[in-house]
Amino acid sequence: MQTRTLGRTGPTVSALGLGAMGMSAGAYGEPDRDEAIATVHAALDAGVTLIDTGDFYGMGHNEMLLGEALRGRDRDSYLLSVKFGQLRGPGRAHGGQDGRPAAVKNFLAYSLNRLGVDHIDIYRPARLDPAVPIEDTVGAIKDMIDEGYVRYVGLSEVGADTIRRAHAVHPIADLQIEYSLLSRAVEPSVLPALRELGIGLTAYGVLGRGLISGHWNADRAAGPGDMRGMSPRFSAGNVEHNLTLVDALRRIAEAKGCTVAQLAIAWVAAQGDDIVPLAGARTRVRLAEALPALDVTLTADDLAEIEKAVPVGSARGDRYPAAFMSSLGVGN
Ligand SMILES: NC(=O)c1ccc[n+]([C@@H]2O[C@H](COP(=O)([O-])OP(=O)(O)OC[C@H]3O[C@@H](n4cnc5c(N)ncnc54)[C@H](OP(=O)(O)O)[C@@H]3O)[C@@H](O)[C@H]2O)c1
C-alpha cells in the first residue's frame with residue numbers, strides 16, 4: 001500500500017482512506033451490516049490505515065459499527081479520523097453545529113466509548129459553528145491532545161481564513177473537504193493556503209457520491225433514506241447533463257484500461273501528494289474497484305484530456321441542497 005503524509009505535522013496514512021458514512025442509515029439508504037464489517041476488514045487487510053467516520057453518522061451507529069469491526073486489531077495499525085459537532089434530532093432532523101469547548105469534550109468522551117478506543121487520531125469539527133470562534137473549538141481539541149485522548153487536529157469544509165485562524169492555535173494535520181472532478185472549489189484559495197501552511201487534504205466525494213463512479217444512471221432513483229434524493233446534482237434536469245460528463249470520462253478510462261471510478265479517484269490523487277482521497281465504499285466489491293486506482297498513473301496528456309472532458313464548473317447543480325450550502329467554507 002502506498003502512503004502519504006498529511007501535511008508537515010500530520011501522520012503518514014495509506015494513500016487511499018476508507019470513508020464509513022455509507023455504512024450507516026441516513027446516507028445512501030439501508031446498509032448491509034455484515035457486508036460493511038467485511039469491507040472494513042478487507043480494507044485493513046489490503047493496507048488501508050485511514051478510516052473516516054463522524055459521531056453523527058447514523059447518530060452513533062457508525063462509530064459502534066467501527067468499534068465492532070476494529071475490535072482485536074492492533075490499535076497502531078489504523079488511524080481513526082472522527083468528525084463531531086453536527087446536531088441531530090429524533091428522526092435525523094439537522095440541528096446545526098456545536099463547537100463549544102465543553103461540547104467538544106463531551107462529544108469526544110462519547111466517541112471514545114462507542115469506538116472502544118482510548119484515543120482518536122484526527123479529531124475535527126464537521127462544520128464551523130458560527131456562534132463559536134474556531135480558536136475556542138481548536139483550543140478544546142488541543143486540551144484533549146495534551147491529555148492524550150487525541151493525536152491530531154483536523155478541519156472539515158472551512159475556508160482559508162478559518163484554516164489560518166485554527167492553525168495559529170495548534171498545527172492542523174489536514175482539512176477534509178469535497179474535491180473531485182465535479183467539485184473544484186478548493187483550488188483558488190483553499191489549496192494554496194493549505195500548501196503554504198503545510199496542511200494535508202483528505203478529499204471526500206471523489207466519486208461525486210457515486211455520480212461519477214460509472215455505476216449511476218438517470219433511471220436509478222435514490223431510494224428511501226438516500227440523501228442523493230435531495231442532491232441538486234442528482235435531480236432530474238441536472239443528472240442527465242452530469243452523466244454526459246461521465247460518458248466522456250468513460251471513453252478516457254477505457255483507453256487507459258481502467259474503470260471510470262478508478263480514473264476519478266486517480267485524478268484526485270494526481271492533484272498532489274499532500275492529498276489523500278477517501279473512498280466511500282461500503283461493500284467489498286466497491287472497495288476492490290477503488291484500491292487499484294492508486295496504480296493508475298495519469299500523464300500530463302491524460303490530465304489534459306480529462307480536464308477537457310470535465311472542465312472546471314461543468315457540473316450542473318450545487319454540491320449540497322440549498323439549505324446546507326451556507327455552512328460550507330467554499331462553494332461548488
Ligand atoms: N467532511 C465532510 O463533510 C464529509 C461529507 C461527506 C462524506 N465525508 C466522508 O467521505 C467519505 C466518502 O464520501 P462519499 O461516500 O460521500 O463519496 P464518494 O466516495 O464520492 O461516493 C460513495 C458512493 O459512490 C458509490 N460507488 C460506486 N463505485 C464505487 C467505488 N468503486 N468505490 C467507492 N464507492 C463507489 C457508492 O455507492 P454504492 O455503495 O451505492 O454502490 C457510494 O455510495 C464518507 O464515507 C465520509 O467518511 C465527509
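Residues numbered from 1 in each chain as written. Predicted model: local features only at pLDDT ≥ 70, side-chain atom pairs only at ≥ 80, totals over all residues. Heavy atoms only, no water.

Observations concerning the overall build of the chain
- In terms of regular secondary structure, the chain is built from eleven helices and twelve strands.
- Computed over its C-alpha atoms, the radius of gyration of the chain comes to 19 Å, within 12% of the 20 Å expected for a compact globule of 332 residues.
- Once the C-alpha set of the chain is aligned to its principal axes, its extents read approximately 50 × 40 × 40 Å.
- Across the 332 residues that make up the chain, the buried fraction comes to 58%.
- Charge centroids of the chain, computed over 33 positive and 40 negative side chains, lie 2 Å from each other. (Helix = DSSP H or I, 4+ residues; strand = E, 2+ residues; numbered from the N terminus. Rg over C-alpha atoms; globule rule 2.2 N^0.38 Å. Buried < 20%, exposed > 50% of the residue type's maximum accessible area, 1.4 Å probe, protein only. Lys, Arg positive; Asp, Glu negative; His and termini not counted. Charge placed at Lys NZ, Arg CZ, Asp CG, Glu CD.)

With respect to the site of the ligand
- Not every one of the 30 residues close to the ligand is listed here, only the nearest: Y28, D52, R282, R286 and E289.
- Interatomic distance of 3.5 Å between a side-chain N/O atom of R228 and an oxygen atom of the ligand.
- Here an oxygen atom of the ligand sits 2.7 Å away from a polar atom, N or O, in the side chain of R282.
- For the ligand, the accessible surface in isolation is 890 Å², of which the surrounding protein chains cover 97%.
- Ranked by the residues each element gives to the shell around the ligand, the list is headed by helix α9 (residues 284–290), at three residues. (Near = heavy atom within 4 Å. Polar contact = N/O pair within 3.5 Å; in protein donor to acceptor, adjacent residues only side chain to side chain. Areas by Shrake-Rupley, 256 points an atom, 1.4 Å probe, with all protein chains shown as cover.)

A closer look at the UniProt feature "domain: NADP-dependent oxidoreductase" (unreviewed entry) in the chain
- What UniProt calls "domain: NADP-dependent oxidoreductase" (unreviewed entry) maps, in this numbering, to residues 16–309.
- Across residues 16–309, the secondary structure splits into 39% helix and 17% strand, with the terminal C-alpha atoms separated by 24 Å. (UniProt positions renumbered as here; feature names shortened; annotations may be inferred.)

Topic: the pattern of salt bridges
- If you walk through the whole model with that rule in mind, you get 20 salt bridges.
- Among the salt bridges present, the one from R100 reaches D98, with a minimum N-O distance of 2.7 Å.
- Here R100 falls in the partly exposed class, since its relative accessible area comes to 48%.
- Given a relative accessible area of 10%, D98 falls into the buried group.
- When the shortest N-O distance is used, the salt bridge between D274 and R195 registers 2.7 Å. A residue pair is termed long-range when its members are at least 10 positions apart, and D274 in the loop between α8 (260–269) and β12 (275–279) and R195 in helix α6 (residues 190–197) qualify at 79 residues.
- Note on D274: relative accessible area 16%, which makes it buried.
- In the salt-bridge network here, residues are joined through shared partners; they are E157, E178 and R319. (Salt bridge = Lys/Arg side-chain N within 4 Å of Asp/Glu carboxyl O.)

A short note on the packing of aromatic side chains
- In this structure the tally under the stated criterion is five aromatic pairs.
- Judged by centre distance (4.4 Å) and plane angle (25 degrees), the ring pair of F84 and Y123 falls under stacked. With a gap of 39 residues between them, F84 in strand β5 (residues 79–84) and Y123 in strand β8 (residues 120–125) connect regions that are remote in the sequence.
- Accessibility expressed as a relative area gives 0% for F84, which makes it buried.
- Overall, the relative accessible area of 0% leaves Y123 in the buried class.
- Among the aromatic side chains, those forming a connected cluster through ring pairs are F84, F107 and Y123. (Phe/Tyr/Trp six-rings, centres within 6.5 Å; stacked < 30°, edge-to-face > 60°.)

Some details on unusual backbone geometry
- With phi around 50 degrees, M59 is a residue other than glycine that occupies positive phi space.
- Tracing the chain through its elements places M59 in the loop between β4 (50–54) and α2 (61–70).
- Judged by relative accessible area, which is 41%, M59 ranks as partly exposed.
- Positive phi is not limited to glycine here, since E157 has a value of about 50 degrees.
- On the secondary structure map, E157 appears in the loop between β9 (150–156) and α5 (160–169).

A short note on the environment of A290
- Along the chain, the position of A290 falls in helix α9.
- Put simply, A290 and M325 are 35 residues apart on the chain and 28 Å apart in space, counted from C-alpha to C-alpha.
- When neighbours within four sequence positions are excluded, A290 is seen to be in contact with L16, I265 and A279. (Contact = heavy atoms within 4.5 Å.)

Topic: the pairing of β4
- The element β4 is extensively covered by neighbouring structure, given that five of its five residues are classed as buried.
- By the alternation rule, side chains of β4 split into L50, D52 and G54 and I51 and T53, which are all buried.
- Bridging between strand β3 (residues 17–19) and β4 involves two bridges; their strand directions are parallel. Within β4, the position partnered with G19 by the bridge is D52.
- Handedness of the β-α-β unit built from β3, helix α1 (residues 33–45) and β4 comes out right-handed.
- In terms of strand pairing, β4 meets β5 through five bridges, oriented parallel. Pairing of L50 across the sheet is with L79, part of β5.
- Crossover connection from β4 via α2 to parallel β5: handedness right-handed. (Pairing = 2+ DSSP bridges. Right-handed = clockwise from strand over helix to strand, strands pointing away.)

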